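A closer look at the structure
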Amino acid sequence: MNPQHFLHIPKHIAKLDPVQKQTLTSALSPQQNPILSRLSKEIIRHSKCLHCQSERLRKYGFSHGRQRFFCNDCRKSFVNTRGSAYFYQHKPELWQKYLQHMIELDSIRCCSKVLGICVTTSFNWRHRYMKATQNTYESKLEGIVEADETYFRASKKGERNLTRAARQRGTKASTSGINHIDWVSVLVAKDRNHHEFDHVLSKVDAAKINECLGCKIADESVLCTDGQPAYNQLCKEHHLFHVVIKNNQTQQGLYHIQNINHYHSQLKRWYLKMHGVASKNLPKYLGWFRMLDWHKYQVFSSDINTEAEKLFEFKLLQVQQHNFKA
Ligand SMILES: [Zn+2]
């Protein structure tokens, strides 16, 4: 604008009515990023310092567009992204779009092309968002719980100093059976309320299963398995009623393992689309799949209407935020 013309604007501001002043203020203030404003709201709602857990917080200006908070107890400040998956991440205007593409299962290269970011950034974001899903479980499994192991081909993709010759993806394993060199075992458990638990097992034995699943399953639940003896110790220690579904049976009344078998087949089909996952990244991919599966059964409350509001209810977005302990 011509500087001479601009000089006339302040003269008219005094004549504006309150509604016009409000419109002008919102037009001049920067567009609020929905993810950043949600992070700030979360901190205000829990009112907890991220350094010392004190409740004596106050707003403390902005830093690079992020709301800062100041703790009156420890005298330290922090930005609203601290403790979340977005900490030290640039381009906040693209975070939501990127997560939306992840929900639609777009590849790293596709996200890079559509959002105009480099492939390395797209890769780093993908793994950062997946990491947040890794140890996020809904709640304890209870009622009728189905558990079974499934196996994925071991992959050392991206690793240096291999102790064996490199191999092409899709080549056959060295032996026809399951061995711990060629295969990675994953324990998956699921209850009838669509709560899932998964864990990469270094070895399928009673101690390992008890260690990882024992704290995730409510006592006195019913555990349905295919009869693997390694579950006996878990059932004994946690007073679980163990129902063994033999190979030649489909179900025993209410009890069956069809849900877990269906979950395995869906997981395997989805996993194939990822075109080779390194075994070290497998827990992250299991977490991502768990988020997508939760979404299928998600029921939205009646006051959520728009697609944008629904997106924010999606677990994949929610787990990127702060993990405040109740
Ligand atoms: Zn503090």
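Above this text sits the structure in question.
Reading the values: the criteria
- Residues numbered from 1 in each chain as written.
- Predicted model: local features only at pLDDT ≥ 70, side-chain atom pairs only at ≥ 80, totals over all residues.
- Helix = DSSP H or I, 4+ residues; strand = E, 2+ residues; numbered from the N terminus.
- Rg over C-alpha atoms; globule rule 2.2 N^0.38 Å.
- Buried ≥ 20, exposed ≤ 12 C-beta atoms within 10 Å, placed from the backbone.
- Contact = placed C-beta atoms within 7 Å.
- Pairing = 2+ DSSP bridges.
- Axes fitted to C-alpha atoms, helices over the stretch in contact; angles between N-to-C directions.

1. Focus on the overall build of the protein chain
- Looking only at helices and strands, one finds 13 helices and ten strands in the protein chain.
- Since a compact globule built from 326 residues should have a radius of gyration of about 20 Å, the 25 Å found for the protein chain marks it as more spread out than a globular shape.
- Counting only C-alpha atoms and orienting by the principal axes, one finds that the protein chain spans roughly 85 × 50 × 40 Å.
- Residues classed as buried in the protein chain amount to 22% of the 326 residues present.
- A fraction of 59% describes how many contacts in the protein chain between residues 6 or more apart in sequence connect residues 24 or more apart.

2. Considerations on the environment of Trp183
- Relative to the elements of secondary structure, Trp183 occurs in strand 5 (residues 183-191).
- Residue classification places Trp183 among the partly exposed residues on the basis of 17 C-beta atoms within 10 Å.
- For Trp183 and Tyr297, which are 114 residues apart along the polypeptide, the C-alpha to C-alpha distance reads 31 Å.

3. Focus on the pairing of strand 5
- With nine bridges joining them, strand 4 (residues 144-153) and strand 5 adopt antiparallel strand pairing. The residue bridging Glu149 from the neighbouring strand is Leu187, located in strand 5.
- Pairing geometry for strand 5 and strand 6 (residues 196-201), over six bridges, is antiparallel. Across the sheet, the residue bridging to Leu187 is His199, located in strand 6.
- Hairpin geometry of strand 5 and strand 6 is characterised by an intervening segment of four residues between the two adjacent antiparallel strands and by a positive phi of about 65° at His194.

4. Things to note about the sheet that holds strand 4
- Here we have five strands laid out as an open sheet, ordered 6-5-4-7-8, and mixed in their pairing. Pairing within the sheet leaves two strands with one partner each, and these edge strands are strand 6 and strand 8 (241-244). Strand after strand, the sheet turns through a mean of 25° between neighbouring axes, direction not considered.
- Here helix 8 (residues 206-213) sits on the sheet in contact with strand 4, strand 5 and strand 6, set at roughly 45° to strand 5.

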